[in-house]
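So the chains spell out like this:
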Amino acid sequence: NAPNILLVLIDDAGFGNPSTFGGPVATPTFDKLAAEGLRYNRFHVTALCSPTRAALLSGRNHHSVGFGSIAEVPSGWPGYNTNWPTSAASIAKILQLNGYNTAAIGKWHLTPDNQQGPAGPFDRWPNALGFDYFWGFLGGETGQFDPVVTENNTIIGVPTDKNFYFNDAMVEHSINWIRGQKAQAPDKPFFLYFSTGATHAPHQVPQEWTDKYKGKFGQGRDNLREQTFARQKQLGVIPQNAKLTPRNPAFPAWDSVSPDVKKLYAHQMEV
């Protein structure tokens, strides 16, 4: 009776982005899950790609598994060498050794930069760290329409499908993997780590997704912050006595920028 586990990591997404936590981005499935379960509001991120993943998948401080920074800038200093130690088992490895099927789909970003090629070594690729199956990309970012894809320990390259979109392909691979393992062993639990390349750069989405938000951000970021903050209080995900941090002076007030700049920033938000 062990539960199946689906762990979804949305890259670089702010706490105030999804509607589930008061944000302007419609996330109806998250809303439904939250209504039927729990909203947690004390996940303290490291604010960087690799360190967040290292902490999340190890249950440890990111420095203790070598990820004081991202996989592209390893150093010889303890806590910053990007070499996940064999003494620290991942959540996937622990579950795998206890009878789970495990898969990682999407962005990995936990292999040292100089070990991400076809010659390996492969001891810090997903398969060696507890995942039966991996499909995605090893580095920090890749194109949403033309990613360099890796499957297990093999670099597949760029997909040739004319209508390929990475996030949709992630879903298809996840469904197929679950269907396959449940067909053979329906009582065996699974752990699926679903880690998108979005909303990390490059920000690339099909046009119909951008069109959904056309004109939604003309009020500017100052007003948007206040509106989101108010909704978060209504939902109870922040205390009623919380104070909104002042705008950083590095970012000019919305009313002080030119119409062309406003148009650009608003479109960036739509994307």
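Going by the structure above, here's the rest.
About the cut-offs
- Residues numbered from 1 in each chain as written.
- Predicted model: local features only at pLDDT ≥ 70, side-chain atom pairs only at ≥ 80, totals over all residues.
- Heavy atoms only, no water.
- Helix = DSSP H or I, 4+ residues; strand = E, 2+ residues; numbered from the N terminus.
- Rg over C-alpha atoms; globule rule 2.2 N^0.38 Å.
- Buried < 20%, exposed > 50% of the residue type's maximum accessible area, 1.4 Å probe, protein only.
- Contact = heavy atoms within 4.5 Å.
- Areas by Shrake-Rupley, 256 points an atom, 1.4 Å probe, with all protein chains shown as cover.
- Lys, Arg positive; Asp, Glu negative; His and termini not counted.
- Charge placed at Lys NZ, Arg CZ, Asp CG, Glu CD.
- Salt bridge = Lys/Arg side-chain N within 4 Å of Asp/Glu carboxyl O.
- Pairing = 2+ DSSP bridges.
- Axes fitted to C-alpha atoms, helices over the stretch in contact; angles between N-to-C directions.
- Core = buried A, V, L, I, M, F, W, Y, C linked by side-chain atoms within 4.5 Å.
- Patch = residues over 30% accessible without salt bridge, like charges linked within 9 Å, V, L, I, M, F, W, Y side chains within 5 Å.
- Expected span 1.5 Å × (residues − 1).
- Arc of directions from axis to C-beta.

1. Regarding the overall build of the protein
Thought 1: From N to C terminus, the protein includes seven helices and six strands.
Thought 2: The order of helices and strands in the protein, counted from the N terminus, is β-α-α-α-β-β-β-β-α-β-α-α-α.
Thought 3: The C-alpha radius of gyration of the protein comes to 20 Å, within 12% of the 18 Å expected for a compact globule of 271 residues.
Thought 4: If you line up the protein on its principal axes, its C-alpha atoms span 55 × 45 × 45 Å.
Thought 5: Here the protein, with 271 residues, has 38% of them falling under the buried criterion.
Thought 6: Pairs at least 24 apart in sequence give 62% of the contacts found in the protein among residues at least 6 apart.
Thought 7: For the protein, the accessible area works out to roughly 15400 Å², and carbon and sulfur atoms hold 57% of it.
Thought 8: Positive and negative side-chain charges of the protein, numbering 23 and 22 respectively, have mean locations separated by a distance of 8 Å.

2. Here we look at the pattern of salt bridges
Thought 1: According to the stated counting rule, one finds five salt bridges in the structure shown.
Thought 2: The salt bridge involving Lys107 is made with Asp11; its shortest N-O contact spans 2.5 Å. Placement of the pair is Lys107 in strand 2 (residues 101–107) and Asp11 in the loop between strand 1 (5–9) and helix 1 (28–36), with a sequence separation of 96 residues.
Thought 3: Classification of Lys107 as buried rests on a relative accessible area of 1%.
Thought 4: Residues participating in the shared-partner salt-bridge network are Asp11, Arg53 and Lys107.

3. A look at the sheet that holds strand 2
Thought 1: Across the sheet, six strands lie side by side as 1-6-2-3-4-5; this open sheet has mixed pairing. The sheet is open, and its two edges are formed by strand 1 and strand 5 (154–157), each paired on a single side. Sheet twist, expressed as the mean angle between neighbouring strand axes with direction ignored, is 15 degrees.
Thought 2: Examined bridge by bridge, strand 2 and strand 6 (residues 190–195) share six bridges and lie parallel to one another. Looking at strand 6, one finds that Ile105 is bridged to Phe194.
Thought 3: Helix 2 (residues 49–58) contacts strand 1, strand 2 and strand 6 of the sheet and is inclined by roughly 160 degrees relative to strand 1.
Thought 4: Of the strands in this sheet, strand 2, strand 3 (133–137) and strand 6 touch helix 4 (residues 166–184), which is tilted by about 175 degrees from strand 6.

4. Examining the nonpolar core
Thought 1: Within the largest apolar cluster, 21 residues are counted, with the highest numbers of intra-cluster contacts made by Leu57, Trp84, Trp108, Leu110, Phe131, Phe191 and Tyr193.
Thought 2: Of all the elements in the fold, those that place two or more residues in this core are helix 2, helix 3 (91–97) and strand 6.
Thought 3: Not counting residues within four places of it along the chain, the set of residues in contact with Trp84 comprises Ala54, Leu57, Ser58, Val65, Phe67, Ser90, Leu110, Arg124 and Leu129.
Thought 4: Formed by 14 residues, the second largest nonpolar core is a distinct cluster that contains Ile105, Tyr133, Phe166 and Ala169.

5. Details of the pairing of strand 6
Thought 1: The element strand 6 is extensively covered by neighbouring structure, given that six of its six residues are classed as buried.
Thought 2: Going residue by residue along strand 6, you find Phe190, Leu192 and Phe194 tucked away on one face and Phe191, Tyr193 and Ser195 tucked away on the opposite face as well.

6. A short note on unusual backbone geometry
Thought 1: Here the amide bond leading from Gly120 into Pro121 is cis, since omega sits at 0 degrees, within 30 degrees of zero.
Thought 2: Topologically, Pro121 is positioned in the loop between strand 2 and strand 3.
Thought 3: With an omega of -5 degrees, the peptide bond between Ala201 and Pro202 qualifies as cis.
Thought 4: Mapped onto the secondary structure, Pro202 falls in the loop between strand 6 and helix 5 (207–211).
Thought 5: Phi is positive for Asp12, close to 60 degrees, though the residue is something other than glycine.
Thought 6: Note that Asp12 resides in the loop between strand 1 and helix 1.
Thought 7: The backbone of Ala47 shows a phi angle near 65 degrees, a positive value even though the residue is not glycine.
Thought 8: Position of Ala47 among the secondary structure elements: in the loop between helix 1 and helix 2.

7. A few points about a nonpolar patch on the surface
Thought 1: On the surface, Leu6, Val8, Ile10, Phe30 and Leu33 cluster together into a nonpolar patch covering about 420 Å² of accessible area.
Thought 2: Looking at the nonpolar patch, the elements that each hand over two or more residues are strand 1 and helix 1.
Thought 3: The class for Ile10 is partly exposed, based on a relative accessible area of 33%.

8. Description of helix 6 (residues 221–235)
Thought 1: A rise of 1.5 Å per residue sets the reference length of helix 6, with its 15 residues, at 21 Å; its end C-alpha atoms lie 21 Å apart and thus fit the reference within 8%.
Thought 2: Taken residue by residue, helix 6 has Leu224, Thr228, Phe229 and Gln232 as its buried positions. Projection of helix 6 onto a plane perpendicular to its axis shows the buried side chains occupying an angular sector of 135 degrees, all on one side.
Thought 3: Residues of helix 6 that are buried make contact with helix 7 (259–270).
Thought 4: Phi for Gly236, located one or two positions after helix 6, is positive at around 85 degrees.

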